[in-house]
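Remarks on the overall topology
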Protein chains: 2
Amino acid sequence: MKASDRAYASLREDIVEWRLVPGTVLGEVEQSERLGVSRTPLREALARLTADGLATAQRGRGVVVSELSLGQLGELFELREALECKAAALAAQRGDPARFADLRDRLAAAPALLADRDPQRQEYYALASELDAAVDEAILNTYLAQSLAGLRVHLARVRRLARDDAARLRQAAVEHATIAGAIADRNAPLASAATAVHLSNSLQHIRTNYPKEAAHG
Amino acid sequence: MKASDRAYASLREDIVEWRLVPGTVLGEVEQSERLGVSRTPLREALARLTADGLATAQRGRGVVVSELSLGQLGELFELREALECKAAALAAQRGDPARFADLRDRLAAAPALLADRDPQRQEYYALASELDAAVDEAILNTYLAQSLAGLRVHLARVRRLARDDAARLRQAAVEHATIAGAIADRNAPLASAATAVHLSNSLQHIRTNYPKEAAHG
DNA sequence: TCGCGAGGCTTTGTATACAGCAAGGGGCAA
DNA sequence: TTGCCCCTTGCTGTATACAAAGCCTCGCGA
């Protein structure tokens, strides 16, 4: 693997996991020494992070980790609604019904299994990721899939910020099952609507549980 | 201005204007010599082009200019519909009605002025760009605006490919006026629907006039 | 004549050295 | 004492030199 890729992956994970908090200045020399690569590949990594929107280049101060305020969260979810509703609708038109019917059943069974214990939680997250991946494949649209991938990086950052409780996860599983079911039934409008509902509930839940110390920015 | 910015802008324009056709290999040494910059800033420019989707990094062969087939055009318009319909709806909710009413009137007056002569054509393009900019400002959403900006680069490439005739431009002006009017009336669903109609007609027109020699790829 | 392999050559990937610039601190003057 | 100016220092931006990896080609053997 290339050094620039390693530096990019490492920095991106550090940002998503909140080890590098918003406002942190990513000095080229400092980070290159920390990650054990030269300045050239590190610069490339910083450029990619900036393109992703995870960092912003500030005149004279270098590259700093992006803020993620409540307002930006709302903006992010507006974009998410545009992309994911469209994706759900396209998946309903083009996806393999059997695959999504299977996902629907497994998601519908998830709430009963979901306790407060973390192992099941990871299992559910994996299931949700599987649904995302299935939608990505089903839509047959490189541009849309790429936009969704870029969006999910930001969403991963949000997830770390406002940890979901078991009750919310159970509800989310139901909502996901509804989406998968609508896609399996080739019902595009319903798939889109179910996605909108899910996103609205998710945003509301995050807003309610948003840590106060991160609300500035 | 930075050397990397100049290289990026120059290469992007060359690609959009079809001076660099799809499949062209962008060798680092060759392009750095042509543009009069070193390899380091040129690499940064190539990385940005790749992130934009205008070029793709091919293992071993370097960076090549992306193809733009009819199929990809369809995918592009699906993404465009998702983003622009959402943007139109948000603009209807948040935009300044007076500004869009003004745009509506000027766009409605455009078809009468639009002859086959190029000067008026440029004037109309400027008017359409003004509508885009007004929407960008009205939506108050950085993420969505950024996605739209990235999308428009690709659309500029398409425009150069399938030149619009006067009849299509007149119709497009009417459609744009409808969108602006719906936003001015704060009618979000109508704004979204009018955008969908416009995009559908645009795509159909482009598909009809698509040059055969560019249809492969 | 065709297939395989080794060598060279071109390419990218990385490191380092240099230049220009901007910001901060210290000193001098009012 | 305070404000302004200059100097120093650290940074980014750029260039170039070096290393490694892939591909093409030429030659040899079957």
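Residues numbered from 1 in each chain as written. Chains lettered and ligands numbered in written order. Predicted model: local features only at pLDDT ≥ 70, side-chain atom pairs only at ≥ 80, totals over all residues. Heavy atoms only, no water.

- Chain A appears in an unreviewed UniProt entry as GntR family transcriptional regulator from Sinomonas humi.

**Things to note about the pairing of strand β2 (residues 55-58) of chain B**
All names here are of chain B.
- Judged from the four bridges that link them, β2 and strand β3 (residues 62-65) form a sheet pairing that is antiparallel. Within β3, the position partnered with Gln58 by the bridge is Gly62.
- Taking the residues between adjacent antiparallel strands as the criterion, β2 and β3 are bridged by three residues, where Gly60 takes a positive phi near 90°. (Pairing = 2+ DSSP bridges. Helix = DSSP H or I, 4+ residues; strand = E, 2+ residues; numbered from the N terminus.)

**Focus on the environment of B:Ala196**
Residues and elements named next belong to chain B.
- As for its position among the elements, Ala196 is in helix α9 (residues 188-208).
- For Ala196, a relative accessible area of 25% translates into the label partly exposed.
- As a C-alpha pair, Ala196 and Glu81 span 115 residues in sequence and 6.3 Å in three-dimensional space.
- Not counting chain neighbours up to four residues away, the residues in contact with Ala196 comprise Glu81 and Cys85. (Buried < 20%, exposed > 50% of the residue type's maximum accessible area, 1.4 Å probe, protein only. Contact = heavy atoms within 4.5 Å.)

**A closer look at the interface of chain B and chain A**
- Counting residues at the interface gives 23 residues for chain B, matched by 23 residues for chain A.
- Roughly 2000 Å² of surface becomes buried between chain B and chain A when both sides are summed, with 51% attributable to carbon and sulfur atoms.
- Looking only at chain B, the three residues that lose the most surface to chain A are B:Glu75, B:Glu78 and B:Tyr143, adding up to 33% of its buried area.
- Between the two partners, chain B and chain A, sit six salt bridges.
- A:Glu81 serves as the salt-bridge partner of B:Lys86, at 3.4 Å between the closest nitrogen and oxygen.
- The interface formed by chain B and chain A holds ten residue pairs in polar contact (both at pLDDT 80 or more) in total.
- Those elements that place two or more of their residues in the side of chain B that touches chain A are α3 (39-52), α4 (70-94) and α7 (142-161) of chain B.
- If you tally residues by element for the side of chain B that touches chain A, the top one is α4(B), at eleven residues.
- The residue inventory of the side of chain B that touches chain A, partitioned by class, reads ten nonpolar, six polar and seven charged. (Buried area = accessible area lost by both parts, 1.4 Å probe. Salt bridge = Lys/Arg side-chain N within 4 Å of Asp/Glu carboxyl O. Polar contact = N/O pair within 3.5 Å; in protein donor to acceptor, adjacent residues only side chain to side chain. Nonpolar A, V, L, I, M, F, W, Y, C, P; charged D, E, K, R; others polar.)

**Let's talk about the pattern of salt bridges**
- Under the counting rule described, the total for this entry stands at 36 salt bridges over all chains.
- As a salt-bridge pair, A:Asp14 and A:Arg19 come within 2.9 Å of each other at their nearest N and O atoms.
- In this structure, the salt-bridge partner of B:Arg39 is B:Glu28, at a minimum N-O distance of 2.8 Å. Of the two residues, B:Arg39 is situated in helix α3 and B:Glu28 in helix α2 (residues 28-35); the sequence distance between them amounts to eleven residues.
- Take B:Glu28: its relative accessible area is 23%, and that puts it in the partly exposed class.
- Linked through salt bridges whose partners overlap, the residues forming this network are A:Glu13, A:Asp14, A:Arg19 and A:Arg34.

**A short note on the protein's contact with DNA strand C**
- In the neighbourhood of DNA strand C, 13 residues make up the surrounding shell, with A:Ala3, A:Ser38, A:Thr40, B:Arg39 and B:Arg43 lying closest.
- Put simply, 47% of the atoms of DNA strand C that lie within 4 Å of the protein are in sugar or phosphate.
- A distance of 3.2 Å separates a phosphate oxygen of DNA strand C from a polar side-chain atom of A:Lys2.
- Taking B:Arg39, its side chain carries an N or O atom lying 2.9 Å from a base nitrogen of DNA strand C.
- Listed by contribution, the elements that provide at least two residues to the surface near DNA strand C are α1 (3-16) and α3 (39-52) of chain A together with α3 of chain B.
- Considering only residue class, the surface near DNA strand C consists of three nonpolar, four polar and six charged. (Near = heavy atom within 4 Å.)

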